[in-house]
Amino acid sequence: MTAAAAAADALSRRAAVLADRSLRGREFARELARVTDELVISLHDAARAEPGRHPRVAVLAVGGYGRGELAPQSDLDLLVVHETTARRVEPLASAIWYPLWDAGFKLGHSVRTLDEQRSLARDDLDVATSMLTARPLAGDPELAEKLIELGRRNWTRRRSRWLDELRDRVRVRQSEAGEVAYTLEPDVKDGYGGIRDVQSLWWAADGGLVVPADDLAALDECYETLVRVRVALHLATDRAGEILRLEDQDAIAEHGGYTDADAMMAELAAAARRISWIGDEAWGRVGRAARAAGRTGRDRSAPSVRPLAPGVELVDGEVEIEATADPVSDPTLVLRAAVAAARERVRIGRATLDRLAEEVEPWPGSWPVGATDELVALLLEGHSAIGVLETLDQRGLISRLLPEWEPVRSRPQRNAYHRFTVDRHLWEAAANAAALIDRVARPDLLVLGALFHDLGKGYPGDHTVAGQELVRAIGPRLGLSAADVEVLDLLVEHHLLLPDVAMRRDLTDHATLSLVADAVGSVEVLDLLHALTEADSKATGPSAWNSWKEELVADLVARVRHVLGGGDVREVTWRLFPDAATLARMAAGETDVAIDGDRITVVNTDRPGTFSRLAGVLSLHGLDVVSAQAHSDEMQPGRQPMAASQFRVVVPRDGIDWEPVVRDVHRAVEGGLAIEARLADRMRTYRRRRATQAARPGPPRLDFHDGASSNATVIEVRAPSKIGVLYRITKALAEVGLDIRHATVQTIGMEVVDTFYVRTSGGDLVTDEFHRDEVRRAVLHAVQ
């Protein structure tokens, strides 16, 4: 077979590997690298078969290709080493490069002498690391070996410098690319806990950093997961890239052989967390070694030791248990060590972790005396406890103490609303709650409630119901009284009550306040729920807590506190919207538009369909409504009723010219704007992002909540978020003769949850079943 025919055959075999769905992960990557080797070798041989004298060269794979692994869209990193001039080598090198380019490869290619490579490697970390994995492909083996040996010597001679640079690179990637385990759309290569971090630790180990054998084995296992996902990413998208876009995750999971995207993201998160933890340990040793090197004389040989708690001491900046301490006879020792580490803001020493992992026995029954106090003390340390909890979890210690924890470990929440896995979300919520303990009478129940409020998400069925069953079982084991267990049960049952009511109900309605007061039962529980709401929302993600939501929740709590304190629910008449200024403008009886930051308030004569037209105007101008409120005057003889609407919108980063918006608002109020036609034009030019199976909302639904209001019919609509959806819902309500007295609008991820307090045109409640069916028919048709 000629060299050209061999190259064609190698390309054919490469295509077969790319199409082979039975290969996954590193097996795929290695097989793809092998057939690519054959292609490069055949091109080199074909070039040397041409007539004439050819220079002495060596062709080496470097970087990722040098490791003998290729993802479908990986760059092909090749180095041609020679001992002559670039001019003499160029024809041969070009005979390799150009066919590869023609075949669609992305090349990282270089042609250098040994001296040139040595000079670059002295000062360039990327060049230095690429040489560590250099692998001969073709040409002179002696020259290739010289290059490989040069790379080894360069790395070992400058290892202190390289370790410092590697550690700095890790920190930069962590801040810029985010954490693979806790990012909705993670970067599997450069994210913290990703492929580059594993490679950095391998390079560091080559440079003398001591990485325990079991950590190296764990890194290898985790790396397999990362490569499996990366290969599937390239195959599913058929494009270069390292970020798992939400809309691609279902297809990536299918190509990777996972049961579904949740299973893939859970395995990826667990692997990334393990890598991050090992990396934190390893790079921490680099820092401690540097500090130790700064000590002189007697200080250098004498470790610093300071007692922290019974059986626990601080040794050279790490928490250790004393040699005579016994985790079996003193089971709370593990939590005492954890509390000490959180308070001192240091790591638990490796020797101690190994002992605890080996000797701590499961706690299936009642907790040892004092253990619950230690757990509460740990949680009250706030965010400094999170790293300690992660360390315990990496060794499976949390599940030994609390078996119910296991199902939520690394459990993903794949939607735009939640940032963290379930377990990390619970830690973050508890840490946030620790900062709010001055607002409650029972700080211990607050942090425990935060830790347990979503525990049911690891179990079948409704997570709130499952969570209640769990805390009713866990509470007595912790030694809590029946009354305290009841409070925890209420916190889990109602952890969404305050935000749901505040964002979806009329807070001036007596029925709303009675509902919440009856549910919480006491001011103590109300305060706990208020703090838990803030802690939970802040732990969920940046879109889950804002000034608007904070204001609404605080207003609701103040009203319910009045009722629980013995006040008559009918006495709670203060109003958050409309405020006094808006009420004054309503009394003036003229159309008025006020803009304050991201809030637009419109006062106008109360006419059917006006709220709908206002929503349509905002959509026309590309302003996404994240929440809204509406209010209408009660009808009074001889006076034209007025209405007020307030919308909170997402203002573009580069700002917006409000003048055209205000102008169109006035036109819409007067009925002089073709909103329907304009929205249709905008829809035709708008590319909607595809949703994943997990993020995709369910089918549209409309529910009537009877009894939720004392003077109106409450309708809740759930539908996919898209251009003009609020306009279409409210237009449909007007079409079937309903007057909106109050409305709250909320966008959660890719779904809208809108609540409307309505009456018929005659001011009555909507009770007729035929009318209700028509309302449902009109709205569901509008949001299809």
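Provided above is the structure to which this section pertains.
This one's a predicted model, so the numbers in the text were calculated from it and none came from an experiment.

Asker: When you look at the overall build of the protein in this model, what are you seeing that I'm missing?
Answerer: From N to C terminus, the protein includes 32 helices and 16 strands. In terms of principal-axis extent, the alpha carbons of the protein reach across some 105 × 70 × 45 Å. Within the protein, the fraction of its 784 residues that count as buried is 54%. Considering only contacts in the protein between residues 6 or more positions apart, those separated by 24 or more positions represent 71%. By element, 50% of the accessible surface of the protein is carried by carbon and sulfur atoms, the whole surface being about 33400 Å². Between the centroid of the 97 positive side chains of the protein and the centroid of its 121 negative side chains there is a distance of 5 Å.

Asker: Please explain the packing of helix α19 (residues 422-434) against helix α20 (residues 443-452) as it appears in this structure.
Answerer: The packing of two helices is summarised by the inter-axis angle and the distance between the axes. Contact pair α19 / α20: the axes reach a minimum separation of 7 Å and the direction vectors enclose 160°. By the angle between their directions, the pair α19 and α20 is classed as roughly antiparallel. Crossing angle aside, the handedness with which α19 passes α20 is right-handed. In contact with L426, W427, A429, A430, A433 and A434 of α19, α20 contributes L446, V447, A450 and L451. In terms of residue class, the contact of α19 with α20 is made up of 10 nonpolar, no polar and no charged.

Asker: Would you mind showing me how to read the sheet that holds strand β5 (residues 305-309) here?
Answerer: Backbone-to-backbone hydrogen bonds join strands into a sheet, with any given pair of strands oriented parallel or antiparallel. With respect to topology, 4 strands assemble into an open sheet ordered β5-β6-β7-β8, the strand pairing being mixed. If you trace the sheet from one side to the other, it starts and ends with β5 and β8 (347-348), each paired once. In this sheet, β8 lies alongside strand β7 (residues 318-321) in parallel orientation, the contact comprising 2 bridges. Directly across from E318, in β8, lies its bridge partner R347. Docked against the sheet, helix α15 (residues 350-359) engages β7 and β8, running at close to 40° with respect to β7.

Asker: How do you make sense of the layout of surface pockets when you look at a structure like this?
Answerer: Rolled over the atoms, a probe with the dimensions of a water molecule shows which regions are left empty. Its volume calculated, the second largest pocket comes out at about 840 Å³. Within the residue set of the lining of the second largest pocket, elements represented by two or more residues are α3 (63-66), β2 (76-82), β3 (107-113), α6 (125-132), α8 (159-177), α9 (195-206) and α10 (213-237). Of the residues that constitute the lining of the second largest pocket, the class distribution is 16 nonpolar, 13 polar and 13 charged.

Asker: Could you clarify how one ought to interpret the packing of helix α14 (residues 333-344) against helix α17 (residues 384-394) in this entry?
Answerer: Their axes nearest at 8 Å, the elements α14 and α17 cross at an angle of 140°. The pairing of α14 with α17 is recorded here as oblique in orientation. Judged by the sense of rotation from one axis to the other, the crossing of α14 with α17 is right-handed. Between α14 and α17, the residues in contact are V334, A338, A341 and A342 and S384, A385, V388 and L392, respectively. Partitioned by chemical class, the residues of the contact of α14 with α17 number 7 nonpolar, 1 polar and no charged.

Asker: What should I look at first to understand the pattern of salt bridges in this one?
Answerer: A pair can form between side chains of opposite charge whenever their charged atoms are brought close. The full count for this structure, using the stated rule, is 70 salt bridges. The salt bridge partner of R306 is E344, with a shortest N-O separation of 3.0 Å. On the criterion of sequence distance, the pair formed by R306 in strand β5 and E344 in helix α14 is long-range, its members being 38 residues apart. The residue E716 makes a salt bridge to R505 at a minimum N-O spacing of 3.9 Å. A residue pair is termed long-range when its members are at least 10 positions apart, and E716 in strand β14 (residues 713-720) and R505 in the loop between α23 (497-504) and α24 (510-520) qualify at 211 residues. Comparing E716 with R505 shows no difference in burial state: the two are buried. Residues joined by salt bridges that share partners form a network here, namely D214, D215, E281, R347, R350, D354 and R395.

Reading the values: rules and limits
Residues numbered from 1 in each chain as written. Predicted model: local features only at pLDDT ≥ 70, side-chain atom pairs only at ≥ 80, totals over all residues. Heavy atoms only, no water. Helix = DSSP H or I, 4+ residues; strand = E, 2+ residues; numbered from the N terminus. Buried < 20%, exposed > 50% of the residue type's maximum accessible area, 1.4 Å probe, protein only. Contact = heavy atoms within 4.5 Å. Areas by Shrake-Rupley, 256 points an atom, 1.4 Å probe, with all protein chains shown as cover. Lys, Arg positive; Asp, Glu negative; His and termini not counted. Charge placed at Lys NZ, Arg CZ, Asp CG, Glu CD. Axes fitted to C-alpha atoms, helices over the stretch in contact; angles between N-to-C directions. Parallel < 35°, antiparallel > 145°, perpendicular 65-115°, else oblique. Left-handed = near helix turned anticlockwise from the far one by under 90°. Nonpolar A, V, L, I, M, F, W, Y, C, P; charged D, E, K, R; others polar. Pairing = 2+ DSSP bridges. 1 Å grid on protein atoms, 1.4 Å probe; cavity = no way out; pocket = protein on both sides within 12 Å on 5 of 7 lines; lining within 4 Å. Points joined across faces, edges and corners; volume = space filled by probe spheres on them. Salt bridge = Lys/Arg side-chain N within 4 Å of Asp/Glu carboxyl O.

That's the geometry; what it means functionally is another story.
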